[in-house]
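Spelled out, the chains give:
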Amino acid sequence: MNQQTPSPNGTPHRRTFLKTAATAVAAPYFVPASVFGATAPSNRVNLGMVGLGNQGMLNLKLFLENKDCTVLAVCDVNRGSYGYKEPKDFYGRDPAREMVEKAYAKKAPGGSYKGCDAYTDFREVLSRDDIDAVVLTTPDHWHGVMTIKAAEAGKDIYCEKPLGLTIAEQIAMAESVRKHNRILQTGSHERSNPVIRSACELVRSGAIGKVHRVVTNVGRHNKVGPGPGWEPMPVPDTLDYDLWLGPAPEAPYHKDRCLYNFRFNYDYAGGQVANFGAHSLDIAQWGLGTDDTGPVQVESVYADFLPEGSLFNAATYTHFRLKYASGVVVESMTAEPSVRCLFEGEDGVIRIDNQARNFVTIPGSIKVEAGLTDVPEQYRSNADHHQNFLDCVRSRKEPNAPVEIGHRSATLCHLGNIASRLGGKFGWDPTAQRFTGSRAETANEMLAVKQRGVWTV
Ligand SMILES: NC(=O)c1ccc[n+]([C@@H]2O[C@H](COP(=O)([O-])OP(=O)(O)OC[C@H]3O[C@@H](n4cnc5c(N)ncnc54)[C@H](O)[C@@H]3O)[C@@H](O)[C@H]2O)c1
């Protein structure tokens, strides 16, 4: 564990707190165990939540409902503002702290609770020795730096999908997590969904015969960004923009660069391919049993982009094919998805719906014969995935979506993006994790990006 440093907001750290309690000095933030439910305090996982936007607030809400953890800190470079996915969404570190205090106050005997610190700089969260694990729900360009620093600080990590911004960064993340013996759960929550597990096990058991094609879908851009000639905007006083950019290149501020919309710009994310592909292509990898490897070729069928100079530079429409050594081809297409992932085999088809709530087999007898007619339409994916993470933090067992799985699945997204941006077909060596063939040099340059200032991994 790292050195104890003073908490910037004055809340005692675990060591200080225990000392204080032992000398019977009234601690201002003392909260009875009943506030957090039945689990003994020593067994609860203390969490720091980093990134409290669209998905971060959902993660926070679910962890607050979980009796096996306590949220001690929230951290966001945005103090609090509108401008997230929906106009009514008011998110950031202050609304997040308020959510924590309200949730725990409901269970506190006095009806009030003040025990959650709010930070702008995640390094202050990492420096607290009373925090066991961090939940990283920041834009993708931050996942690598934060994961590596968290692992070095001895924290376990729930890292949202896609695992990282680039393949090179993801390899470094995996190395760091293993070197420091940390638990990392990637946020591809279908891995904890029993319906999807059954479907993938059915495919792997040979129920539809030899699989020759897998079709996956990604959604279209669901936001409109400014076109060429867009004008920079003043940075709002709620936002630490430099810390939002972090490892990404220096760039003038525009509101559509940041909250939620970052996903449409390759400096911060991998477009909808990485956003949705970290779910749908992840299921393809799971069903094919290729979690420790990948394709040997990627081919862009088509890709469409907004005019040069648009703020959103990620492809609006893509179709690419990933070919595996076994001959199976995985396709990814931009669509209005009603299907998330469809496995086509010699003897049948397994189709997983877009919400990953259920699946059908063609013929239906495959599901009947497997005794799966009564698979419940459970959909607690996120909460179950969080629970699996907390369980593994305590047991030190492998979680359902460990760092290598997150890496291999997100790699498919990055390969698709590289082929879409360069056009054409590329060989890929899944062992060396390098492009092969005549255009390999250009493509290999896209395995990593230059990171700004101190934010290099
Ligand atoms: N598992 C899922 O189903 C799911 C769904 C949506 C999003 N996500 C993932 O969650 C991540 C965030 O997406 P979102 O839609 O919530 O984005 P968002 O823009 O709504 O939220 C990101 C938050 O991170 C904050 N942030 C940025 N840099 C920070 C830093 N250095 N320190 C602390 N906070 C920082 C931003 O201010 C913002 O509040 C992405 O990686 C995305 O792919 C996962």
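Residues numbered from 1 in each chain as written. Predicted model: local features only at pLDDT ≥ 70, side-chain atom pairs only at ≥ 80, totals over all residues. Heavy atoms only, no water.

If you check an unreviewed UniProt entry, the protein appears there as Glucose--fructose oxidoreductase from Botrimarina hoheduenensis.

Draft legend 1. View of the overall build of the protein. Helices and strands together make up the secondary structure of the protein, namely 13 helices and 15 strands. Per-residue burial for the protein yields a buried fraction of 59% across its 457 residues. For the protein, contacts bridging at least 24 residues in sequence account for 70% of all contacts bridging at least 6. In the form shown here, the protein has an accessible surface area of approximately 18800 Å², with 52% of it arising from carbon and sulfur atoms. (Helix = DSSP H or I, 4+ residues; strand = E, 2+ residues; numbered from the N terminus. Buried < 20%, exposed > 50% of the residue type's maximum accessible area, 1.4 Å probe, protein only. Contact = heavy atoms within 4.5 Å. Areas by Shrake-Rupley, 256 points an atom, 1.4 Å probe, with all protein chains shown as cover.)

Draft legend 2. Representation of the pairing of strand 2 (residues 69-75) in the model. With seven of its seven residues buried, strand 2 lies for the most part within the structure. One ladder, built from three bridges, connects strand 2 with strand 3 (residues 117-119); its direction is parallel. The partner of V74 across the bridge, within strand 3, is A118. At this point the chain moves from strand 2, through helix 3 (residues 93-107), to the parallel strand 3, and the crossover so formed is right-handed. (Pairing = 2+ DSSP bridges. Right-handed = clockwise from strand over helix to strand, strands pointing away.)

Draft legend 3. Examining the packing of helix 5 (residues 143-152) against helix 6 (residues 167-179) more closely. Direction vectors running N to C along helix 5 and helix 6 enclose 15 degrees, while the axes themselves pass 9 Å from each other. As the angle between them shows, helix 5 and helix 6 are arranged roughly parallel. Both helix 5 and helix 6 take part in a crossing whose hand is left-handed. Contacts from H143, G144, T147, I148 and A151 in helix 5 reach E169, A172, M173, S176 and V177 in helix 6. (Axes fitted to C-alpha atoms, helices over the stretch in contact; angles between N-to-C directions. Parallel < 35°, antiparallel > 145°, perpendicular 65-115°, else oblique. Left-handed = near helix turned anticlockwise from the far one by under 90°.)

Draft legend 4. How the structure looks around helix 3. With 15 residues, helix 3 extends 22 Å between its outermost C-alpha atoms, agreeing within 8% with the 21 Å of an ideal straight helix rising 1.5 Å per residue. Among the residues of helix 3, those classed as buried are R93, P95, A96, V100, E101, Y104 and A105. The inward-facing, buried residues of helix 3 contact helix 2 (54-64), strand 2 and strand 3. (Expected span 1.5 Å × (residues − 1).)

Draft legend 5. How the structure looks around the side chain of T334. Structurally, the position occupied by T334 is in strand 10 (residues 329-334). The class for T334 is buried, based on a relative accessible area of 11%. When residues no more than four places from it in sequence are discounted, the contact partners of T334 are V218, G219, R220, T316, Y317 and T318.

Draft legend 6. Representation of the sheet that holds strand 11 (residues 339-345). The strand order across the open sheet formed by nine strands is 13-12-11-7-10-9-8-14-15, and the pairing between neighbours is mixed. A strand with exactly one partner marks an edge of an open sheet, and here the two such strands are strand 13 (359-362) and strand 15 (434-436). Along the sheet, successive strands turn relative to each other by an average axial angle of 20 degrees, direction set aside. With six bridges connecting them, strand 7 (residues 211-218) and strand 10 associate as parallel partners. By the bridge assignment, V215 is partnered in strand 10 with E331.

Draft legend 7. Inspection of the pairing of strand 11 at higher detail. Within strand 11, seven of the seven residues are buried, which leaves the element mostly enclosed by the surrounding structure. In this structure, strand 7 lies alongside strand 11, joined through five bridges in antiparallel fashion. By the bridge assignment for strand 11, V215 is matched with L342. Hairpin connection, strand 11 to strand 12 (residues 348-353): the antiparallel pair is bridged by two residues.

Draft legend 8. View of the packing of aromatic side chains. Within this structure, the stated rule accounts for 14 aromatic pairs. Summarising the aromatic geometry, the rings of Y82 and F90 are spaced 4.9 Å apart at their centres and angled 55 degrees between planes, so their arrangement reads as tilted. For F90, a relative accessible area of 39% puts it in the partly exposed group. A network of ring pairs unites the aromatic residues Y241, W244, Y253 and Y268 as a single cluster. Seen from the ring of Y260, R263 lies directly overhead, with NZ or CZ sitting 3.9 Å from the centre. Above the plane of the ring of F359 lies K367, whose end atom (NZ or CZ) is 4.4 Å from the centre. (Phe/Tyr/Trp six-rings, centres within 6.5 Å; stacked < 30°, edge-to-face > 60°. Lys NZ or Arg CZ within 6 Å of the ring centre and 35° of its normal.)

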